[in-house]
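# Fold and contact review
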Amino acid sequence: MSYPIKRLLVFPLVMLGVSVFVFIAIRLVPGDAITAMLGTESGLLTPAQRDALSAYFGLDQNWFIQFWRWFAGVLQGNFGISTTYGKPVMTIIWQHFPLTLELAILSMLIALSIGIPAGIYAAAHKDRPSDLILRIVAMFGQSTPSFVVGLLLIYLLSVGFGVLPEMGTFVPITEDPLANLAQMILPAITLGTAFAAAVIRMSRSTMLDILQEDYVRTARSKGMSRRRVIWRHALPNALIPVITLSGVEFGYLLGGAVLVEQIFALPGLGRTVLDAILQRDYALVQGSVLFIAFNFMIVNLLVDLAYAALDPRIRFETK
Amino acid sequence: MTALLKDIARHPSGRIGLITFAVFLIAAVMGKTGFTPYDPLMQDRIARLQGPSAAHWFGTDLFGRDVFSRLMDGIGQSFIISFFSVGIASLLGAVLGLTAAWFAGLWDGAVMRFMDVLLAFPAILLALLIITIFGPGTWTSVLAIAIVYTPIFTRVVRGPALSLRRRDFVDAARTFGSSRRYIMTRHLALNLVAPLTVQVTLALAWALVTEAGLSFLGLGTQPPNASLGLMLSDARNLMELAPWLLWMPAVALMLAVLSFNLLGDALRDILDPKTRRRLA
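About the criteria used
- Residues numbered from 1 in each chain as written.
- Chains lettered and ligands numbered in written order.
- Predicted model: local features only at pLDDT ≥ 70, side-chain atom pairs only at ≥ 80, totals over all residues.
- Heavy atoms only, no water.
- Helix = DSSP H or I, 4+ residues; strand = E, 2+ residues; numbered from the N terminus.
- Buried < 20%, exposed > 50% of the residue type's maximum accessible area, 1.4 Å probe, protein only.
- Contact = heavy atoms within 4.5 Å.
- Lys, Arg positive; Asp, Glu negative; His and termini not counted.
- Charge placed at Lys NZ, Arg CZ, Asp CG, Glu CD.
- Domains from an automatic or database assignment.
- Buried area = accessible area lost by both parts, 1.4 Å probe.
- Polar contact = N/O pair within 3.5 Å; in protein donor to acceptor, adjacent residues only side chain to side chain.
- Nonpolar A, V, L, I, M, F, W, Y, C, P; charged D, E, K, R; others polar.
- Salt bridge = Lys/Arg side-chain N within 4 Å of Asp/Glu carboxyl O.
- 1 Å grid on protein atoms, 1.4 Å probe; cavity = no way out; pocket = protein on both sides within 12 Å on 5 of 7 lines; lining within 4 Å.
- Points joined across faces, edges and corners; volume = space filled by probe spheres on them.
- Phe/Tyr/Trp six-rings, centres within 6.5 Å; stacked < 30°, edge-to-face > 60°.

## Notes on the overall build of chain B
Counting secondary structure elements, chain B contains twelve helices and zero strands. The N-to-C order of helical and strand elements in chain B reads α-α-α-α-α-α-α-α-α-α-α-α. With the C-alpha coordinates of chain B rotated into their principal frame, the extents come out at 75 × 45 × 30 Å. Here chain B holds 280 residues, and 53% of them are scored as buried. Once local pairs closer than 6 in sequence are excluded, the contacts in chain B between residues at least 24 apart make up 70%. In chain B, the 24 positive side-chain charges and the 16 negative ones have mean positions that sit 11 Å from each other.

Okay, here's the thing in structure tokens:
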């Protein structure tokens, strides 16, 4: 059986595992959803009212029945109703996901547009000062946690230019693209920094490996210029691991960057899940974690397929 | 072991990583054993928010506590959490990976699918979920980070273990009548040390970042105890007034992570037979 097909068969099994795991985990959190939803007012509930609320959210049943009800709903595309928002879980996820998606795309664009040229430049100038500087910068970039980058960016902006990042109400890109971009650019740079550093390191090291290959030497000995060999022969192959790396990283970013969203006060998926966990909003935690895990696995599957499709050596081996 | 240290010291980035790590380790040990210039918890209402000076090298915070002392304490805290969590994760991962590769079949399937489930979560979310179950604190952080990184170690061990299992020297050992346990601990485990060592240093870097992130969200180390993440979180609202509160923990965290990344790079070069041949 070929590898991608095997992965496809395992996929539903893992999703079921994720559902069960989250379902049990969130129910182990001390406290109950009704109290978390109403706060101090929950003390005013009569036992009858509390029972009615429990019954409304289906919390009066045992775990097995709760899971079965929820899971049967999920299979029909119904993720239940959030106790904190009083709205269907899917509606809430789709409210917050576009921001997370936009942020992930922007950071990836930043990372690739800086990382690939810089990595190739460094490889082409191996052991010269420019290579050394790029390597040091990349090493530092990779070693600085993104939330620290975010804090330092905010500090440098406020001290250097006397401006603070726009942290008012979030403006969706569909309403005002420019205002949206103004809000998104700093978080995107923040997340893009470590990402770019990883891309630089990856493209540099694969490029160096490839430049030692026989076919590169052959192309050079045919009289092809070094520049043309790098761009025409080496680059397409050097990009394959970079694509894998970016795919995996992109998958992570789709899960929401909890810390960076927190620092820049962005209502993305990461903060939604964080709030939902703290509020014991069972349906919302279950639904959004399942959503995130689903995206993550889909992206990884696509990366694997792209990897096989892009590298002729792998493609021919499997045939 | 000493030969490995010598190799690292000869490797250009390994040397820098080793020195930085040594400095941080000394600071961490001194911070946790009380050899700090000031008591990290002692408040001094008169000396609040003072910039770096001869008396307070890295300045003081909002409560007049000495930032340098708190940094040493915080680094100690971060190191304890990182070392314990990575220790547990690598041990657990090694056992699971080895047994999965050796017994194959149902056990292998069960272990690896469960690891797939854990890997399908973004790391920080999984850690958050675990912490909300058990409540924030030092040992919960250790547990959370350990669970997050166990699947990675399991995979790192299982892959090479699978290919090693089919190698001749394992068959040879079995024909000599060596027991399964002996082969597993003696032959396989030793051959897996190289990939594990590299992964351990990289995981330590990640654990430091995760610990700081959890503390930053208020779910790790609890005040008034010091931790790098908490110090960064405190610095957020004071960064214009007292920038040293931001810079000191930020740079410390960055350098600590950097030292592990450099060590990881050096170890990969030294332990990977492919690159070693190229270096030779």
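## Some words on the domain arrangement of chain A
All names here are of chain A. By domain assignment, chain A separates into domain 1 (3-75) and domain 2 (89-317). Using C-alpha coordinates to define each centre, domain 1 is positioned 33 Å away from domain 2. Between domain 1 and domain 2, the contact holds 22 residues from the first and 16 residues from the second. For the pairing of domain 1 and domain 2, the buried interface totals around 1,900 Å² over both sides, and the portion due to carbon and sulfur atoms is 75%. Linking domain 1 to domain 2 there are one residue pair in polar contact (both at pLDDT 80 or more). Looking at the side of domain 1 that touches domain 2, the elements that each hand over two or more residues are helix H1 (3-28), helix H2 (33-38) and helix H4 (63-75). Looking at the side of domain 1 that touches domain 2 element by element, the count peaks at 13 residues for H1. A per-class count over the side of domain 1 that touches domain 2 returns 17 nonpolar, two polar and three charged.

## What about helix H12 (residues 269-278) of chain A?
Residues and elements named next belong to chain A. Of all ten residues in H12, seven are buried; the element is thus mostly enclosed. Among the residues of H12, Leu-269, Gly-270, Thr-272, Val-273, Leu-274, Ala-276 and Ile-277 are the ones counted as buried. One or two steps after H12, the chain reaches Arg-280, where phi turns positive at roughly 55°.

## A short note on the interface of chain B and chain A
Listed per partner, the contact involves 41 residues of chain B and 45 residues of chain A. Together, the buried faces of chain B and chain A total about 3,800 Å²; carbon and sulfur atoms form 82% of this surface. For the chain B face of the interface with chain A, the top three residues by lost area are Leu125(B), Leu129(B) and Ile133(B), together amounting to 15%. At the boundary of chain B and chain A, one finds one salt bridge. Where Arg201(A) meets Asp265(B), a salt bridge forms, and the shortest distance between an N and an O atom there is 3.0 Å.

## Focus: the side chain of Thr132(B)
Position of Thr132(B) among the secondary structure elements: in helix H5 (residues 123-134). Look at Thr132(B) and you get buried, because its relative accessible area is 13%. There is a polar contact of 2.7 Å between the side chain of Thr132(B) and the backbone oxygen of Leu128(B). When neighbours within four sequence positions are excluded, Thr132(B) is seen to be in contact with Val29(A), Pro30(A), Ile277(A) and Leu278(A).

## Observations concerning empty space enclosed by the protein
Residues and elements named next belong to chain A. The full count for this structure, using the stated rule, is one cavity of 30 Å³ or more. Taken as a whole, the largest cavity encloses approximately 40 Å³ of empty space. Here the lining of the largest cavity takes four residues from helix H5 (residues 89-124), the largest share from any one element.

## Regarding the packing of aromatic side chains
Residue and element names in this part refer to chain B. Within this structure, the stated rule accounts for 22 aromatic pairs over all chains. Ring geometry for Phe-21 versus Phe-79: centroids 6.2 Å apart, planes at 20°, classification stacked. Remark: Phe-79 occurs in helix H3 (residues 67-103) and Phe-21 occurs in helix H2 (residues 12-33); sequence separation between them is 58 residues. A relative accessible area of 17% places Phe-21 in the buried class.

## As for the pattern of salt bridges
Taken as a whole and judged by the stated rule, the model has 14 salt bridges over all chains. Between Asp61(B) and Arg65(B) there is a salt bridge, and its shortest N-O distance comes to 3.0 Å. There is no split in this pair, since Asp61(B) and Arg65(B) are both buried. Salt-bridge contacts for Arg158(B) lead to Asp108(B); the nearest nitrogen and oxygen are separated by 2.7 Å. Taken together, the residues Arg158(B) in helix H6 (residues 138-165) and Asp108(B) in helix H4 (residues 105-119) connect sequence positions 50 residues apart. Salt bridges linked by common partners bring Lys126(A), Asp127(A), Asp131(A), Arg135(A) and Arg204(A) together as one network.

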